[in-house]
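Listed here are the chains, written in short residue letters.
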Amino acid sequence: MKKALIITYYWIPSGGSGVQRWVKFVKYLRGFGWEPVICAPENADYPVVDASFEKDLPADITVIRRPIWEPYALYRKFTGKKDKSIQAGFVTDAKQENWKDKLSIWLRGNLFIPDPRVCWVSPSVRFLKKYLSTNPVDVIITTGPPHSVHLIGRRLKKQFPALPWIADFRDPWTGIFYYKDLKLSLPADFRHRQLEKKTIAEADLTLVVSEHMQQEFSRYRHQQLAVVANGYDEEDFVQDAVKPDEQFVITHTGLLTEKQNPQVLWKVLQEIAVENAYFKNDLRIRLTGSVDGSVLNDIKASDLEANLELSAYVPHHEAIRLQRGSQLLLLCLVQNPDTKSIVTGKLFEYLQSGRPVVGIGYTDGDAAAILKQTNAGVMFDFSDAVLLKEKIQAYYQQYKSGTLSVDADREVISQFSRRKLTGKLTGLLDQLYQKSQPVNPV
């Protein structure tokens, strides 16, 4: 069986979205003739923990754990945010920054290039160079963010030039929506862009998760560029039937930051609640995961606090159960044109849940295109209160009559199953493997 070395920062026991893509690929790789070997940190500073993904791993899988040093403990001590989880580096909202935050962000962007996990690169390269000399593999895969992981791949490629290297981008690099908030100097910005360009140019295959990302990366010289989307795992939905909640529940699962705050939705729900006392009584806003205080403040200001059901991060299987039992599912994108390429794994689980999806974001982005393609929901512009209100009221009337459902295209949705996506991935790996084999003389 061919072997793939997968180098990733996010691995079990990490929770959240960053870990799921490759946990699910690893789950199905053996069925397509590939044996995964994982290299991950042994002491990573993960924002959330979810050991339930352990059940997805095949038996006797090889996981190499290497120590990592990260600056987050120093950051928490310096800023006094001792209990705060770290999301997207040190970036905070500008309205909340004090001088310590500003200095920390400047150091994050200008000293730790491309990200605060860069100190893991050199020791990992040294170890893996020795490891691969006695434990050969057929392909190396690096997945980012953090994009410093790709620097490990670049350096290993120089040591083993005949070994194919795949750089997998779950999110953009310099095109990520918070890149402009890093307070970069001109030399630091140049360094980021050069590293991104060289990574894409030198990798034998660059993987991205959306069409917009493919268009963005196409400006660089590259050897091969392909889209392998995020998806859903059918086995996560092999559960007893979930009866929809009795109330009109709108659910959002996962991280909900200030930049994702769907203010237009709170406005619309407030207006309908004022106009319809039955709606006010039936409505429940379920937010499950880490929620920024600004979101809670806006809900309270909209007189919807009594309708709020707030809970911390729950295990993945429980999040799926909550999705399936909801009347509507809420998808919130960041209001920044750079997010048009962002398609989270959560969207595909929403699709498979069989409940209507209400998206707040760009109507010409990749997520909107998928909702339209699958007929699983509607994406509304950040300021389109009129159309959003009409749709919420229509959904509510269907809920009251017991007919609220979604006529989604199951055949189109099925193309996003993790098993099928692994088949697409391994097809690309097989092509690289064949190209890397020496040609026998005639």
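The rules behind these values
- Residues numbered from 1 in each chain as written.
- Predicted model: local features only at pLDDT ≥ 70, side-chain atom pairs only at ≥ 80, totals over all residues.
- Heavy atoms only, no water.
- Salt bridge = Lys/Arg side-chain N within 4 Å of Asp/Glu carboxyl O.
- Helix = DSSP H or I, 4+ residues; strand = E, 2+ residues; numbered from the N terminus.
- Buried < 20%, exposed > 50% of the residue type's maximum accessible area, 1.4 Å probe, protein only.
- Polar contact = N/O pair within 3.5 Å; in protein donor to acceptor, adjacent residues only side chain to side chain.
- Contact = heavy atoms within 4.5 Å.
- Pairing = 2+ DSSP bridges.
- Right-handed = clockwise from strand over helix to strand, strands pointing away.
- pLDDT = per-residue confidence, 0-100.
- Axes fitted to C-alpha atoms, helices over the stretch in contact; angles between N-to-C directions.

1. Comments concerning the pattern of salt bridges
At step 1: Evaluated as defined, the whole model comprises 26 salt bridges.
At step 2: Across the salt bridge formed by Asp 233 and Lys 27, the nearest N and O atoms sit 2.6 Å from each other. Of this pair, Asp 233 sits in the loop between β7 (225–227) and β8 (248–253) while Lys 27 is found in helix α1 (residues 20–29), placing the two residues 206 residues apart along the sequence.
At step 3: Given a relative accessible area of 17%, Lys 27 falls into the buried group.

2. Some remarks on the side chain of Asp 56
At step 1: Secondary-structure assignment places Asp 56 in the loop between β2 (34–41) and β3 (62–66).
At step 2: Judged by its relative accessible area of 4%, Asp 56 falls in the buried class.
At step 3: A polar side-chain atom of Asp 56 sits 3.1 Å from a polar atom in the side chain of Lys 24.
At step 4: Not counting residues within four places of it along the chain, the set of residues in contact with Asp 56 comprises Val 23, Lys 24, Lys 27 and Asp 233.

3. Points about the pairing of strand β5 (residues 165–169)
At step 1: In terms of residue burial, β5 counts as a mostly covered element, since five of its five residues are buried.
At step 2: Residues of β5 alternate between two faces, with Trp 165, Ala 167 and Phe 169 on one and Ile 166 and Asp 168 on the opposite face, all of them buried.
At step 3: One ladder, built from five bridges, connects strand β4 (residues 139–144) with β5; its direction is parallel. Across the sheet, the residue bridging to Thr 142 is Ala 167, located in β5.
At step 4: Crossover connection from β4 via helix α5 (residues 148–159) to parallel β5: handedness right-handed.
At step 5: The pairing of β5 with strand β6 (residues 205–208) spans four bridges and is parallel. Counterpart to Phe 169 in the pairing with β6 is Val 208.
At step 6: Crossover β5 to β6 through helix α6 (residues 186–202) is right-handed.

4. Comments concerning the environment of Asp 138
At step 1: By the secondary structure assignment, Asp 138 is in the loop between α4 (121–134) and β4.
At step 2: Of the residues examined, Asp 138 reaches a relative accessible area of 23% and is grouped as partly exposed.
At step 3: Sequence spacing of Asp 138 and Leu 404 is 266 residues, and the spatial spacing of their C-alpha atoms is 50 Å.
At step 4: Contacts of Asp 138, omitting those with residues within four sequence positions, involve Lys 2, Lys 3, Trp 34, Leu 163, Pro 164 and Tyr 433.
At step 5: A polar contact of 2.8 Å, which involves the side chain of Asp 138, links it to the backbone nitrogen of Lys 3.

5. Things to note about the confidence of the model for the chain
At step 1: On average, residues of the chain carry a pLDDT of 90, and 93% of them reach 70 or more.
At step 2: Every residue in residues 84–94 scores below 50 in pLDDT, and together they form 30 contacts with partners more than four places removed in sequence or on other chains.

6. Brief notes about the environment of Glu 246
At step 1: Tracing the sequence through the fold places Glu 246 in the loop between β7 and β8.
At step 2: Distance in space between the C-alpha atoms of Glu 246 and Glu 271 is 22 Å, their sequence separation being 25 residues.

7. Section: the sheet that holds β8
At step 1: Spatial strand order, β10-β9-β8-β11-β12-β13: six strands in an open sheet with parallel pairing. The open sheet is flanked by β10 (308–311) and β13 (377–380), the only strands paired with a single partner. Put simply, the sheet's adjacent strands are angled 20° from each other on average, direction ignored.
At step 2: When strand β12 (residues 357–360) meets β13, the two strands line up parallel, connected through four bridges. Paired with Val 357 across the strands is Gly 377, a residue of β13.
At step 3: Taken strand by strand, helix α8 (residues 263–275) contacts β8, β9 (283–288), β11 (328–332) and β12, and its axis lies near 160° from that of β9.
At step 4: Strand contacts of helix α13 (residues 366–374): β11, β12 and β13, with the helix running at about 150° to β13, the strand carrying the most contacts.

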